[in-house]
Each structure stands twice: as structure tokens, then as C-alpha cells.
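So the chains spell out like this:
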Amino acid sequence: MTKPIVIIADSPLWLESARATLEGADCCVIHQPTRVGYMQTLIDSLAALVLVDSALPAWEAWVHTPKASPSTRRVPIVVLADDYGVRERAFIEGADAALPTSQALDDLASLIQRYARLPNAASLAELNCECAQALPPHAQEGLKYFNRGEYYRQHDLFEAEWAETPGPVRNLYRAILQIGVAYYQIERGNYRGALKMFQRSVQWLMILPDICQGVDVAQLRADAQAAYAELLRVGERGISHFDRRLLRPVRWHNPASP
């Protein structure tokens, strides 16, 4: 299990003391001094928690910006504020918790356990069990369309499988679906649509084992990351020059095949 990642926004006076305490509690701390690149840090790091000091200017933007995006709205945000009115405002902005500064800093370990987005051992065990099973028929059919480059047609099949699956393996179907939609948007020249789909897929891809129901998730992660990097490189104006050789098929081992 990887260490939970805690992002400290801006540069609060308590930055270094909190960093030392959190690292001592086996967390990884990322200091994000400005909002430039903030959203990308949240997406790429799979942050478990964000700490925001309301004493700093424009603290509200550190809260409401990620809460407005499907890619990052699940990341818990805790605002540290000594004023009761500010704490009330923090909830309006979308914070998951708002605590007096001394209370939060005095017991950071407890704060992590209570608010951070941490892997659940029972859910991970269930996921590993489900990943050892065969890929369901609808998902197999969806993969065939995906690997033929029929990204629009794969969507409905994976969406149906996701809706019918109660367990955590449903995130496999959601991840493949979203990557397929990103590829589809690239082919249509829709830069922003593709960007959003890549960003949404990261949170599901990263929690899956490297092999799940015969799908080579590790390779899928690498392929999606390469396509995402190319999308960022060419930018919105250059999307017609995207190297479509990077839209690679999903590797899948079908135990039923010879």
C-alpha cells in the first residue's frame, strides 16, 4: 500500500511543522505553493487530502476549484480557520471539514484517519478477488469494439457492465470506457473533451491491480499516459497533428482461448 499523499496549499506559517508531523505519520507531503498546476497535481498524485489555511489570500479558490471538477471533487479538503464564520463559509465553498487551526495541527494523525481518502482493506481484498474472475461477456464485446477503434460503440457495453456490477471491479469497466471516450474525442478533434476523459480515468486506473480479469491494466495505464502526454504536447490548436499510433488497443488474455 502506498503512502497517503497530503497536499498543503499555498505557504501557511505552519507548513514545515505540519510536513514533519505528517511525514512522521507515514504520509507523503506535497507543497503546492501556487494554484498554477494545482489541478494537475491533484489528478496525477491521487491526493488523499488537501489542507488549506483560511488565513491566506484567495483561500476559497483552493477549495471550490477542485470541487467543481468531476476529476477531483472526491479529494477531501480540510480548511483550517479560527473564525466560526469562516468555517461556515468553507462548507459553502465545498470543504469536507473546517476546523480551528490549533485543533487540526495538534492531531494531524487523527485528522488523516478521519478525513483522508484512504484505501479500504476489505474493498481491496474484494477487488483482488473479483479481478481473478473472468471478464464478463458484455465487457469482452466492448473490448472487441475498443480494439477495432470503434470507441463510440464500446461505450454502451462498458457502461451497461458498470451499471450492473455492484463490486469494486466496476472501476475497470469505467476506466476502459473513459479512455475509449478520450480516444473518440481525439479522433473528433475535441481537445477539451479528450482532456477531461483522461483526467477522470486516472482515479480508477490507479487503484486497479496490474492485471484484472485478464486485462493488462499496467499496459493500459502506460498507453493512456502516453496518449495524454501527446495531447498536452500538441495542445488544442495542434490536435489534428496528434500521433494516432498512440491510440493503442487494450491487451487482454482470454483464458478460454488457446
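Residues numbered from 1 in each chain as written. Predicted model: local features only at pLDDT ≥ 70, side-chain atom pairs only at ≥ 80, totals over all residues. Heavy atoms only, no water.

### Side note on unusual backbone geometry
Here the phi dihedral of Ala58 falls at roughly 55 degrees; this positive angle occurs in a residue that is not glycine. Structurally, Ala58 can be placed in the loop between strand E3 (49–53) and helix H3 (59–67). Residues other than glycine seldom take positive phi values, yet Gln213 does so here, at roughly 50 degrees. For Gln213, the position within the fold is in the loop between strand E6 (211–212) and strand E7 (215–216). (Helix = DSSP H or I, 4+ residues; strand = E, 2+ residues; numbered from the N terminus.)

### Side note on the pairing of strand E1 (residues 5–9)
By the criterion of burial, E1 is predominantly enclosed, with five of the five residues buried. Alternating residues of E1 divide into Ile5, Ile7 and Ala9 and Val6 and Ile8, and every residue in both groups is buried. Relative to strand E2 (residues 28–32), E1 is paired through five bridges, and the arrangement is parallel. Counterpart to Val6 in the pairing with E2 is Val29. Between E1 and its parallel partner E2, the chain crosses via helix H1 (residues 15–24), and the hand of that crossover is right-handed. Of the strand pairs in this sheet, E1 and E3 are connected by three bridges, and their pairing is parallel. (Buried < 20%, exposed > 50% of the residue type's maximum accessible area, 1.4 Å probe, protein only. Pairing = 2+ DSSP bridges. Right-handed = clockwise from strand over helix to strand, strands pointing away.)

### Things to note about the nonpolar core
Inside soluble globular proteins, nonpolar side chains tend to come together where they are buried. Membership of the largest hydrophobic core comes to 41 residues, with the highest contact counts inside it found for Leu172, Ile176, Tyr183, Phe198, Val215, Leu231 and Phe242. For this core, the element with the most residues is helix H10 (residues 170–188), which contributes 10 residues. Here Leu231 is in contact with Ile186, Tyr191, Ala194, Leu195, Phe198, Ile239 and Phe242, once residues within four sequence places are set aside. Counting residues in each nonpolar core, the second largest holds 21 residues, with Ile8, Leu22, Leu51 and Leu111 among its members. (Core = buried A, V, L, I, M, F, W, Y, C linked by side-chain atoms within 4.5 Å. Contact = heavy atoms within 4.5 Å.)

### Observations regarding the packing of helix H2 (residues 38–45) against H3
To describe two helices that pack against each other, one gives the angle between their axes and the distance between the axes. Between H2 and H3, whose axes approach to 10 Å, the crossing angle comes to 55 degrees. When the axes of H2 and H3 are compared, the pair comes out oblique. H3 is crossed by H2, and the crossing has right-handed handedness. Residues Tyr38, Met39 and Leu42 of H2 pack against Trp62, Thr65 and Pro66 of H3. Split into classes, the residues belonging to the contact of H2 with H3 amount to five nonpolar, one polar and no charged. (Axes fitted to C-alpha atoms, helices over the stretch in contact; angles between N-to-C directions. Parallel < 35°, antiparallel > 145°, perpendicular 65-115°, else oblique. Left-handed = near helix turned anticlockwise from the far one by under 90°. Nonpolar A, V, L, I, M, F, W, Y, C, P; charged D, E, K, R; others polar.)

### Describing the environment of Val6
Note that Val6 resides in strand E1. The class of Val6 is buried, set by a relative accessible area of 1%. Along the chain, Val6 and Leu246 lie 240 residues apart, while their C-alpha atoms are 32 Å from each other. Look past the residues within four positions of Val6 in its chain and what remains in contact with it is Leu22, Cys27, Cys28, Val29, Ile30, Leu49, Leu51 and Ile112.

### Focus: the sheet that holds E2
Reading across from one edge, E2-E1-E3-E4-E5 is the order of the five strands in this open sheet, with parallel pairing throughout. The sheet is open, and its two edges are formed by E2 and strand E5 (97–99), each paired on a single side. Each adjacent strand pair in this sheet contributes to an overall mean axis angle of 20 degrees, direction not counted. As judged from the three bridges shared by strand E4 (residues 77–80) and E5, these two strands associate in the parallel manner. Paired with Val78 across the strands is Ala97, a residue of E5.

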